[in-house]
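Given next are the chains, with one letter for each unit.
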Amino acid sequence: MQSAGESRTARKVIITCAVTGSIHTPTMSPHLPITPEEIADAAVGAAEAGAAIIHLHARDPDSGYPSAAPEHFDAFLKPIKARCDAVLNISTGGSSAMPLDVRLAPAIAARPEMCSLNMGSMNFGTFPLAEKYSDWKHNWEPELLHATRDVIFKNSFADIERILDEIGEAGGARFEFECYDIGHLETLAFYHRRGRIAGPIFLQFVLGVLGGAGATVENLVHLKGCADRLLGDAYSFSVLGAGARQLPIATAGAILGGHVRVGLEDSLVMPAGGLARSNAEQVTAIRGIIEALGMEAATPAEARDMLALKGVGEVAF
Ligand code: KMH
Ligand code: ZN
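Anyway, here's the lowdown on the structure attached to this text. Just so you know, these numbers come straight off a predicted model, no measurement behind them.

### A look at the overall build of the protein
(1) Moving on: What the protein contains, in helices and strands, is 10 helices and 14 strands.
(2) Moving on: The dimensions of the protein, computed from C-alpha atoms along their principal axes, are 60 × 45 × 40 Å.
(3) Moving on: When burial is assessed residue by residue, the protein has 55% of its 317 residues classed as buried.
(4) Moving on: Restricting the contact set of the protein to residue pairs at least 6 apart, pairs at least 24 apart contribute 74%.
(5) Moving on: For the protein, the distance from the average position of its 26 positive side-chain charges to the average position of its 37 negative side-chain charges is 4 Å.

### Re the sheet that holds strand E11 (residues 201-207)
(1) Moving on: On the basis of which strands lie adjacent, the closed barrel formed by eight strands has the order E2-E3-E6-E7-E10-E11-E12-E13 and parallel pairing. Recorded for the sheet is a direction-independent mean angle of 25° between the axes of neighbouring strands.
(2) Moving on: Pairing of strand E2 (residues 15-18) with strand E3 (residues 53-56) involves three bridges; the strand directions are parallel. Its bridge partner lying in E3, Cys 17 is registered against Ile 54.
(3) Moving on: Packed onto the sheet, helix H9 (residues 279-292) meets E2 and strand E13 (259-262) and runs at close to 160° relative to E2.

### Focus: the coordination of the zinc ion (ligand 2)
Ideal geometry at a metal gives 109.5 degrees between four tetrahedral donors and either 90 or 180 degrees between six octahedral ones.
(1) Moving on: Distances from the zinc ion (ligand 2) to its protein donors, His 55 (NE2), His 57 (NE2) and Glu 265 (OE), fall within 2.1 Å.
(2) Moving on: Along the chain, the residues that donate to the zinc ion (ligand 2) are spaced as H-x1-H-x207-E. With His 55 in strand E3 and Glu 265 in the loop between E13 and H9, the pair connects residues that are 210 residues apart, well separated along the chain.

### Points about the packing of helix H8 (residues 246-255) against H9
(1) Moving on: As a packed pair, H8 and H9 sit with axes 10 Å apart at the nearest point and diverge in direction by 35°. H8 and H9 meet at a crossing whose hand is right-handed. On the side of H8, the interface is formed by Gln 246, Leu 247, Ala 250 and Thr 251, while H9 contributes Gln 282, Ala 285, Ile 286 and Ile 289.
(2) Moving on: For the contact of H8 with H9, the per-class residue count stands at five nonpolar, three polar and no charged.

### Comments concerning the site of ligand 1
(1) Moving on: Within the structure, ligand 1 sits among 15 residues, and His 57, Ser 91, Ser 116, Asn 118 and Glu 265 are positioned closest to it.
(2) Moving on: Separating an oxygen atom of ligand 1 from a side-chain N or O atom of Glu 178 is a distance of 3.1 Å.
(3) Moving on: Relative to its unbound accessible surface of 310 Å², ligand 1 loses 97% to contact with the protein.

### A look at the nonpolar core
Soluble, globular proteins show a tendency: their nonpolar side chains are buried together.
(1) Moving on: Counting residues in each nonpolar core, the largest one holds 72 residues, and the members touching the most others are Ile 54, Leu 56 and Leu 203.
(2) Moving on: Dropping the residues within four chain positions of it, Leu 56 is found in contact with Val 19, Ile 39, Phe 73, Phe 76, Leu 77, Ile 80, Leu 88, Asn 89, Ile 90 and Ser 91.
(3) Moving on: By size, the runner-up hydrophobic cluster in this structure holds 18 residues, among which are Leu 145, Phe 153, Tyr 180 and Leu 264.

### Section: the pairing of E11
(1) Moving on: In terms of burial, E11 is a largely internal element, seven of the seven residues being buried.
(2) Moving on: Of the two faces of E11, both are covered, the one formed by Ile 201, Leu 203, Phe 205 and Leu 207 as well as the one formed by Phe 202, Gln 204 and Val 206.
(3) Moving on: The pairing of strand E10 (residues 174-179) with E11 spans four bridges and is parallel. Bridged to Glu 178 within E11 is Gln 204.
(4) Moving on: Following the chain from E10 across helix H6 (residues 182-193) to the adjacent parallel E11, one finds a crossover that is right-handed.
(5) Moving on: As paired strands, E11 and strand E12 (residues 235-241) are joined by seven bridges and run parallel to one another. Residue pairing across strands places Gln 204 opposite Ser 238, the latter belonging to E12.
(6) Moving on: Handedness of the crossover joining E11 and E12 through helix H7 (residues 217-231) is recorded here as right-handed.

The rules behind the values
- Every chain is numbered independently, its residues counted from 1 as its sequence is written.
- Think of it this way: whatever chain is written first is A, whatever ligand is written first is 1, and the rest follow in order.
- Thresholds applied to this predicted model are a pLDDT of at least 70 for local features of residues and 80 or more for the giving and counting of side-chain atom pairs; totals over whole chains, interfaces and linings are not thresholded and use all residues.
- Side-chain measures were taken over the full set of non-hydrogen atoms in the model, leaving aside hydrogen atoms and water.
- Per the convention used, a helix needs a DSSP run of H or I reaching at least four residues, while a strand needs a run of E reaching at least two, with both numbered from the N terminus.
- Relative accessibility under 20% of the residue-type maximum defines a buried residue, over 50% an exposed one, and the middle range a partly exposed one, all with a 1.4 Å probe and only protein chains included.
- Contacts are residue-level and defined by heavy atoms, with any inter-residue pair within 4.5 Å sufficient.
- The positive count covers Lys and Arg only, the negative count covers Asp and Glu only, and His and the chain ends enter neither.
- Here the site of a charge means NZ on Lys, CZ on Arg, CG on Asp, or CD on Glu.
- Two strands pair if DSSP finds at least two bridges between them.
- Axes here mean lines fitted to C-alpha atoms, for a helix over just the part in contact, with angles spanning 0 to 180 degrees between N-to-C directions.
- Each metal site is built from N, O and S donor atoms within 2.8 Å (3.2 Å for Na, K and Ca), and since water is not included, such sites may look incomplete.
- For any helix crossing, the convention is left-handed if the near helix is rotated counterclockwise from the far helix by under a right angle, and right-handed if that rotation is clockwise.
- Asp, Glu, Lys and Arg are counted as charged, while Ala, Val, Leu, Ile, Met, Phe, Trp, Tyr, Cys and Pro are counted as nonpolar; the rest, among them Gly, fall into the polar class.
- Throughout, the term near means that a residue has one or more heavy atoms lying within 4 Å of the molecule or strand in question.
- Polar contact is the term for a pair of N or O atoms within 3.5 Å; when the atoms are in protein, one must be able to donate a hydrogen and the other to accept it, and sequence-neighboring residues count only if both atoms are side-chain atoms.
- Accessible surface is estimated by sampling points in the Shrake-Rupley manner with a 1.4 Å probe; for residues, cover comes only from the protein chains shown.
- Each nonpolar core is a collection of buried residues, namely Ala, Val, Leu, Ile, Met, Phe, Trp, Tyr and Cys, held together in the definition by side-chain atoms within 4.5 Å.
- Crossover handedness is defined by viewing with both strands directed away from the observer: a clockwise path from the first strand over the helix to the second marks the crossover as right-handed.

Written as structure tokens, this is what we have:
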């Protein structure tokens, strides 16, 4: 047993902050970053609050519509890189409505250190969000949400292999492997067994998306048990809970030995109620919990080391 005064090394927890995403729409929160300046400020604020990784999507600056146009990414990638040393992780998920070529264009152009990789096709229902609002800022918002009743978020085996080849092998990026259910873990393990995915694997458990596993501690414990059996010590994991259970589920992830993801992409609110006023507010909250549990937020340099990233000198922005 550790005695009083005995020194110990705190476990380092990587905080990822996903600052805007493609699920939430401008009507839902005035704090959702839309323009390149807002996205850059949100990213830098999150990094200053303790996020080591910033997960990035872009938006059309005029309408707020989710965008994967390389020029919309260009408008904030360099400015963020100039202002902080966080790892910049470019989404390859884009939005479920985008074809794969469109989704991959910004990551192919920017050659980032890290990208998301969604490990299976699925329903990705955001249409229940539309029931909460009536006075929309833009007509596209309810249309996009309702369209998810009949859209498959397509991530076929061929799509996954293309991302592994073009963005991993050729571009030098490593991945945030987004797994929403048990089948996605089986697919990840399949490619690991085949030698297509080298360790260290960074697995993101995505809980709470309609169409995937719900945001419960029971689901997280079960999924982690499956991942342990399938991947052994080849992986570390992070946890995101979509919606109001973001912080409790991230806390459970930290307690179970994992890393955490927060940000307005995944939840617009704070656990005590009310809108989060910034991404940094959510980072500060989870960082406080991590520190209260005797752990520490990993720095970007520590995250780069843990995840074997190629380094910021190797990106194309
Ligand atoms: N918005 C998350 C639930 C991606 O960017 O590749 C899923 C996500 C997908 O982060
Ligand atoms: Zn994302």
